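Spelled out, the chains give:
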Amino acid sequence: FDITGSAGGNLLYEYNSSNQLYSVQGGGIIAPELFNVSNIAQANIRYNSGYSQKTMYSAYATASIGYNDLAYLDLTGRNDWSSTLPPGSNSYFYPSASLSLLLNKMIDFGHLVNLVKLRGGWASVGKDTNPYNLYGTAGIGSFGGLTTESLSSTLLNPNLKPEQAISTEGGVDVQMFQNRLRFSGTVYQSDNKNQILGISTPASSGYTSRQINAGLIRSQGIELQLGGTIISTKDWTWDMTVNYTKNNTYVISLTNGVPYFSFWQDGPTGSWTYAKGQPIPNQVDSKGHAVTVISDGKIGQLWDNELATVTDKASPYYGYPLLDGGGYLQKVNGGDFQHKEIAGNFNPKLLMGMQTSLTYKRVTLSASFDMRLGGIFYSKTVRYQGSNANLKSQENAGIPIPAAYTNNIPGYLKTNPGKFIEITGLQQYHIVGGPSKAQGGIYDDPAIVQNTGAVPGFPIYDAAFYPGVRSNGSGGYIENLGDPSTTLYDVYEDATTNGPWSFARMDMFDASYIKLREMTLMVELSKKLSNSIKVQGISVGLYARNLILWTKAKVGVDPEQAFNYQPGASSNGSQFRQGIEYYNITPWTIPIGFKLNVRF
């Protein structure tokens, strides 16, 4: 047996204070280049101050036990007492334990097996909150020469409990054939209880958010890695490693009366998750018909406004877009929260990577690849650049009409309504027409052209329309499929031609990609040179990064940039919004550099 241990304690005291004196924005200083308070007009002076205190007592102990170099057990335990939590909840204990067994030292697997290791672990971690997060405090400042006092817009919670994260994992490591074949696998689950989060609250209550202890957030995943030395000779060596990662996070439960949690919202879309088992209201199928959906609680869902369609299954127009009086696609009930639907999830189905290196004598060429499959993202770049025609998304967007149907456009669209009329999936909006005659513009039919306001008989080359139906006001429908009653719009003058502005899914894309992230060429210098300067080895090389990017979306956006960082934390405490590409477009660059490695 080999046993080691330690125990200790810690006393933490924090005191923070701040005082600010500054000029109101636009006020500036009186005399140039004299930066002090006396050089600010009194009416422009602003000030504020604050302080906070926090104390935490801690006691901890660790122990490590080994048996015969084949079994190892590690134990830890810690208890904290925090001044930021209410009495009765300010003491929390969090232990951990991990065990590893070298099975190859217990069982004879033969000479081909070098290592078989089983490992498992369990850990609990506690966390307090910031000072003065239980009761409202007054903030003192100034405005317009007057002293002001203000309260936080967040309703605080005097009954907060400490956060608790409990994680469990198990894994196996195997090495075979003189370590030429290597495998490692891990499965894990992490439960976060009583997370301190802010949720939106109607402003009529006097607060815009309130603080809660969330019920249970669960993360589950698997990590696999397989590596090997494929070639090993006197002059040649080829190594390759492939890794696979899959992770899902779920909202298992929230506090009473809170069915969902909002992570962020931007225009018609947002990311929020209903707790597991909660019914998601007003969900519809691909044709707009109501369906019952019970949430699985998976985090990462992106939502969008519900598209208005004909929902009467007995109607010959069932599933057709129900256009407004101007001939545009429209959202249901003005796009309120109760009439949004899930467009997809920004989390990938899997992540994979590959690292490989090929060595010939003293020269080594190595490369690193990454791959992501699945998930979607919302691109603000495409949304705005497309709306003003910079991306030329209007060109060739219209449904081409065969010459045989030039005078019977409705007949052609009805030959395949699922393809030409009904709208399902991402980027699925249909138009007939285009910005020019060659690109399908409606230009020769005076009966149709007159609906654009053009001079009768004057050719128009940039008119188009959305296929669908309009309400006749008495329960029936008027076709908007290319007959003389069709409502047209101008392709270039109308900003909705990149997809209707009221919907986000028109600017959502598959986030799958493959990247050649890096390549490196290294040369090991001669041993004679290394020995002459008394080092073990010297190598020099050339590397390049960001060499190749393939995306399924093909819109010039790197899916890895589908995030938005906010300088200040939002009401829910998050500064990182995932699944939304927020003008993160930069010129594609390929850094090239030199490497020098010296081993002593």
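Residues numbered from 1 in each chain as written. Predicted model: local features only at pLDDT ≥ 70, side-chain atom pairs only at ≥ 80, totals over all residues. Heavy atoms only, no water.

1. Some thoughts on the pairing of strand β23 (residues 363–373)
The condition that has to hold: A pair of strands is considered paired only if DSSP assigns at least 2 bridges between the two. To qualify as a helix, a DSSP run of H or I must reach at least 4 residues; to qualify as a strand, a run of E must reach at least 2; elements of each kind are numbered from the N terminus.
Of the pairings in the sheet, the one linking strand β22 (residues 350–360) to β23 comprises eleven bridges and is antiparallel in character. Residue pairing across strands places Thr-356 opposite Ala-367, the latter belonging to β23. The turn joining β22 and β23, which pair antiparallel and follow one another in sequence, is formed by two residues; a positive phi near 55° is taken by Lys-361. Two elements, β23 and strand β31 (residues 513–524), share ten bridges in a ladder whose sense is antiparallel. In the strand pairing of β31, Leu-365 is matched with Leu-521.

2. Let's talk about the pairing of strand β7 (residues 146–150)
Put simply, the test is: Here's how the labels work: a residue is buried when its accessible area is under 20% of the maximum for its type, exposed when over 50%, partly exposed in between, all with a 1.4 Å probe on protein chains only.
For β7, the tally of buried residues reaches only zero of five residues, placing the bulk of the element at the surface. Where strand β6 (residues 139–143) meets β7, five bridges bridge the pair, whose relative direction is antiparallel. Among the inter-strand pairings, Ile-140 is bridged to a residue of β7, identified as Glu-149.

3. Brief notes about the sheet that holds strand β30 (residues 508–510)
The sheet built from three strands is open, its strands ordered β30-β24-β35 with mixed pairing. The open sheet has two edge strands, β30 and β35 (580–581), and neither has a second partner. Across two bridges, the pairing between strand β24 (residues 376–379) and β35 is parallel. Opposite Ser-379, over in β35, you have Glu-581 as the bridge partner.

4. Looking at the nonpolar core
The following threshold applies: Side-chain atoms within 4.5 Å link the members of a nonpolar core, which is a set of buried Ala, Val, Leu, Ile, Met, Phe, Trp, Tyr and Cys residues. Throughout, a residue-residue contact means that at least one pair of heavy atoms, one from each residue, lies within 4.5 Å.
Counting 13 residues, the largest nonpolar core has Tyr-320, Ile-399, Leu-413, Phe-420, Ile-421 and Val-432 as the members making the most contacts within it. Per-element tally for this core: the top contributor is helix α2 (residues 409–414), with three residues. Apart from residues lying up to four places away in sequence, Ile-421 is in contact with Tyr-320, Pro-321, Leu-413, Asn-416, His-430, Pro-467, Gly-468 and Leu-481. Leu-197, Ile-212, Ile-217 and Ile-299 belong to the second largest nonpolar core, which has eleven residues in total.

5. So, the packing of aromatic side chains
Here a ring pair, both rings aromatic, is described through the centre-centre distance and the interplanar angle of the planes. Definition in use: Here a Phe, Tyr or Trp ring, Trp counted by its six-membered ring, pairs with any other such ring whose centre lies within 6.5 Å, and the pair is stacked when the planes are under 30 degrees apart, edge-to-face when over 60, and tilted otherwise.
The full count for this structure, using the stated rule, is 17 aromatic pairs. Ring geometry for Phe-261 against Phe-263: centres 4.9 Å apart, planes inclined by 80°, an arrangement best described as edge-to-face. Given the relative accessible area of 5%, Phe-261 is considered buried. Exposure remark for Phe-263: the relative accessible area of 24% places this residue in the partly exposed category. Centroid distance Phe-377 to Phe-509: 5.9 Å. Interplanar angle 40°. Geometry classified as tilted.

6. Concerning the confidence of the model for the chain
Rules: A residue's pLDDT is the predictor's confidence in that residue, given on a scale from 0 to 100.
Per-residue confidence for the chain gives a mean pLDDT of 86; residues scoring 70 or more make up 89%. Note on residues 443–461: pLDDT is under 50 here. Beyond four places in sequence and across chains, it has 28 contacts.

7. Considering the pattern of salt bridges
To be explicit about the condition: Each salt bridge in this description consists of a side-chain nitrogen of Lys or Arg and a carboxyl oxygen of Asp or Glu lying within 4 Å of one another.
Inspection of the entire model under this criterion finds 18 salt bridges. A salt bridge links Arg-505 to Glu-341; the nearest nitrogen and oxygen atoms lie 2.8 Å apart. Taken together, the residues span a long stretch of sequence, with Arg-505 in the loop between β29 (489–490) and β30 and Glu-341 in strand β21 (residues 340–345) at a distance of 164 residues. The pair Arg-505 / Glu-341 is uniform in exposure class, with both members buried. Each of Asp-370, Lys-515, Arg-517, Asp-558 and Glu-560 takes part in one network of salt bridges that share partners.

8. Regarding the side chain of Ser-512
As a reminder, the rule being used: In the analysis that follows, any N or O atom pair within 3.5 Å is treated as a polar contact, provided that within protein one partner can donate a hydrogen and the other can accept it, and provided that, for residues neighboring in sequence, both atoms belong to side chains.
Tracing the chain through its elements places Ser-512 in the loop between β30 and β31. There is a polar contact of 2.6 Å between the side chain of Ser-512 and the side chain of Asp-510. Those residues in contact with Ser-512 that sit more than four places away from it in its chain are Arg-372, Leu-373, Gly-374, Trp-550, Thr-551, Lys-552 and Pro-559.

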